[in-house]
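Examining the three-dimensional arrangement
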Amino acid sequence: MAFDATVSIAVLSVYMLVVLGLGLAAWRLNPPETVEDYLLANRGISWFVGFFSTAASQYSALIFLGFVGFYFNFGLAAFMAILGAYVYITGSTYYFLGPRIWKIGRKRGHITPSDTVRDYYDSPLLGYVVAIGLILALIPYLQVQFTGVGIVLSLATGGQVPIVVGAAIVAAIIGVYTWFGGMRSVAWVDTLQGVMLLGGTAIGGIVLVFVVGGGYEAAYGELLANYSGLLAIPGPRGVFTWPYIMTFGIAVFLGWIFHPHMWMRLHYFKSGRAVENLPWFMGLTNWLGNLGTWSVVLAGVLLIPQAAPDQFILLMYREFFPTVVFALIAAAALAAMMSSASSQCHGIGAVVSRDLSSKLRPRWNDDRHVIVARLATVVAIVGAFGLSTLGIEFLLTSGAAAAALGASLVFPQVTAAVYGWEWPTTEAAIAGSVLGGLTTLVLLTVPGIESPLGLYGGFWGVALNVAVFVIGSYVTDSTPTRATTEAWSAAVDESTTALDREHRRRDEFPAD
Amino acid sequence: MPFPTPTDPVRIALNGTLLGLFLLYFLPGGIYLQRVELQVFGWPFFALWVVVIGPALALLVFLVNSVRNVRRDVRRDAAGGET
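This structure is a prediction, so every number in the text was calculated from the model and none was measured.

**Considerations on the packing of aromatic side chains**
For the structure on display, the rule yields 48 aromatic pairs over all chains. The interplanar angle of 80° and the centroid separation of 5.9 Å between the aromatic rings of Y88 of chain A and F26 of chain B together place this pair among those described as edge-to-face. Of this pair, Y88 of chain A sits in helix 4 (residues 61-96) while F26 of chain B sits in the loop between helix 1 (9-25) and helix 2 (29-33), placing the two residues on different chains. Take Y88 of chain A and F26 of chain B: they sit in the same class, and that class is buried. Judged by centre distance (6.1 Å) and plane angle (75°), the rings of W280 of chain A and F281 of chain A are edge-to-face. F281 of chain A gets classed as buried once you look at its relative accessible area, which sits at 9%. The rings of F70, F74, Y86, Y141, F240, Y244, F248, F253, W256 and Y456 of chain A are connected pair by pair, giving a single aromatic cluster. Just above the ring of Y128 of chain A sits the side chain of R118 of chain A; from NZ or CZ to the centre is 4.9 Å. It is R11 of chain B that lies over the ring of Y95 of chain A; its NZ or CZ is 4.2 Å from the centre.

**Describing the interface of chain B and chain A**
Opposite the 39 residues of chain B that make contact, chain A presents 43 residues. Summed over both sides, the interface of chain B with chain A buries roughly 3,700 Å², with 71% coming from carbon and sulfur. Among the residues chain B hides against chain A, the three largest losses belong to F26, L59 and F62 of chain B. Together they make up 16% of the total. The interface formed by chain B and chain A includes one salt bridge. R501 of chain A is the salt-bridge partner of D77 of chain B, the closest N and O atoms lying 2.9 Å from each other.

The rules behind each value
- Residues numbered from 1 in each chain as written.
- Chains lettered and ligands numbered in written order.
- Predicted model: local features only at pLDDT ≥ 70, side-chain atom pairs only at ≥ 80, totals over all residues.
- Heavy atoms only, no water.
- Phe/Tyr/Trp six-rings, centres within 6.5 Å; stacked < 30°, edge-to-face > 60°.
- Helix = DSSP H or I, 4+ residues; strand = E, 2+ residues; numbered from the N terminus.
- Buried < 20%, exposed > 50% of the residue type's maximum accessible area, 1.4 Å probe, protein only.
- Lys NZ or Arg CZ within 6 Å of the ring centre and 35° of its normal.
- Contact = heavy atoms within 4.5 Å.
- Buried area = accessible area lost by both parts, 1.4 Å probe.
- Salt bridge = Lys/Arg side-chain N within 4 Å of Asp/Glu carboxyl O.

See below:
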């Protein structure tokens, strides 16, 4: 069908204005008054907004662009390593850790992962190590979103909006509503974007297979005839062997909840019951999204196998559907990227404010720490936009590496803390975090260094952290005090319903 | 005890089911399941397993756990915090 750039630009402009308006409306209706309000919306986010904000923050440029390319190049093996691992491994982190993290955070006022480890291990140094490491992890992941935004806007406007200009426009919009409204604005906009991106990727992908692809049977017939390597392990390029699938999955998908912006979404719910339901909700939404993504691969293999797979969905909608429908899909793709970008920037702002300025300048009042959070958010946006202009070949790598770095820094430390284990020591926690994080950084970013045994590099970082943490705890002495372990265990044993009621009373009768 | 284990039999069963499904989906189950040559609803069996069935079973475990946890917590709170 003929593509009309004017119509597409009009649809996308309306979308951008709605996003900006919604973000500013959230600010005007309830301006943040304290640091906790700016960072966590006063722990008062409803289940509906919270679920879709969590989903939108998780699903990014990867689900519309990066994963399509990944599945096209590496097949079912990659799907198993991505979606399978997300459902089973990240799902398990929500299942085993989520409710505990929420309860402890509610009782002890935690906001970031650094809060948790600093508190349990009584170690400001560990808090700084984790904070700086998590910021480093987020930056390349954030850059990926702006790269994707530029690509989508250029494609969706027929090249009339250059990549850099498109990324700059989006960066400005995100910067404005995040600056003013903090978490509340980000979460409200995320809710709209979450509905759009899930609809766009799940429905958009499945529709492609049926409307223009001839259905799943025809698509799989083509795959079996000409691309059978995509349906077997280790896939056509031989990369995703069983050991690589396992180690990639473990390292990357243990790490997602430790990203500051995802961790904060464990704490922002008004009710702990919502956190109890995160394992299946996040798994279900990711599954639907990736079912759509896989369907895009099937349709692309049938219809445009020579095109850049990262752009399959946009190219096919531009080719086979009316411009308005194509523009809505493009808007959904932008929604995926913008929601992640705003959450990640806000997360960086939270870490800088909560973990660095609040600790280095404890006498500053809330207003100053909110300013620090806002400035850090803007610096993150500008920095990531700048990095995106350098270009990136493969969208996926940075996101996976970021998550693996998170797991390498804190997975065993947080697990031990929320289970109230008495044996871990502060020294072992610090050593494990530093050595694990450095190992992952070196193996995943330094050119020319091969990961041993053909396993995913981030896995070695996680494994080293666990080994140093456990062995180091047996040869050092500074375990958490009995008062700490008992207080944490008591927090976990409290009723979620009672904690919800206590929080509601705090809101009804605020302290003078 | 360095690694306390749950005592609730239903939770133990759910954890065990999740672990069993993990082993079936990834290693060692995946190695054998990819050899199944069958077409189901137009999908090769292994593709249907990896893309649809395997993830759906894990989600079911999570859903059962979530519903049960919320109901138990409400009952416990109504009973004054006693289990």
